Amino acid sequence: MSLISCAVKLCYQMRVKKFFSPNITGVGRLIRFLIGCAFVFAGWLLGRADYTLPAILLFIGGGFVWFEAARGWCMMRACGVKTKW
């Protein structure tokens with residue numbers, strides 16, 4: 001492995017680590033958890049009403065929001081958008 005490829009790999013790992021570092025407080029985590037619950041519940045209701053595609057999208061969205069809550073990380077904040085919590 002060349003010196004340049006090692007430097008690129010280290011730089012990439014440092015940037016990714018910084019991007020995924022926790023950036024929200026406990027209030028933001030709670031809000032995201034509740035939003036995830038609402039998404040999953042709405043997906044469940046739509047699934048029972050035979051709206052399959054919207055139900056699947058809401059389940060995926062709810063799972064991602066739960067991931068954000070568990071990790072303490074907000075994708076919008078990581079991209080530079082200022083959010084209230």
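Everything below is about the structure printed above this text.
Cut-offs used in this document
- Residues numbered from 1 in each chain as written.
- Predicted model: local features only at pLDDT ≥ 70, side-chain atom pairs only at ≥ 80, totals over all residues.
- Heavy atoms only, no water.
- Helix = DSSP H or I, 4+ residues; strand = E, 2+ residues; numbered from the N terminus.
- Expected span 1.5 Å × (residues − 1).
- Buried < 20%, exposed > 50% of the residue type's maximum accessible area, 1.4 Å probe, protein only.
- Contact = heavy atoms within 4.5 Å.
- Salt bridge = Lys/Arg side-chain N within 4 Å of Asp/Glu carboxyl O.

Student: Would you mind going over helix H2 (residues 26–48) with me for this structure?
Tutor: Residue pairs three or four apart in sequence face the same way in an α-helix, which turns once every 3.6 residues. When the terminal C-alpha atoms of H2 are compared, their 33 Å separation across 23 residues agrees well with the 33 Å that a helix rising 1.5 Å per residue should span. All of the buried residues in H2 are Gly 28, Arg 32, Gly 36, Val 40 and Gly 43. Where H2 is buried, its residues contact helix H3 (52–71). One or two steps after H2, the chain reaches Asp 50, where phi turns positive at roughly 65°.

Student: I would appreciate a short explanation of the pattern of salt bridges in the present structure.
Tutor: In the structure shown here, the tally under the stated rule is one salt bridge. Salt-bridge contacts for Glu 68 lead to Arg 32; the nearest nitrogen and oxygen are separated by 4.0 Å. Within this pair, whereas Glu 68 is found in helix H3, its partner Arg 32 is found in helix H2, the two being separated by 36 residues in sequence. Residues Glu 68 and Arg 32 agree in their burial class; the two are buried.

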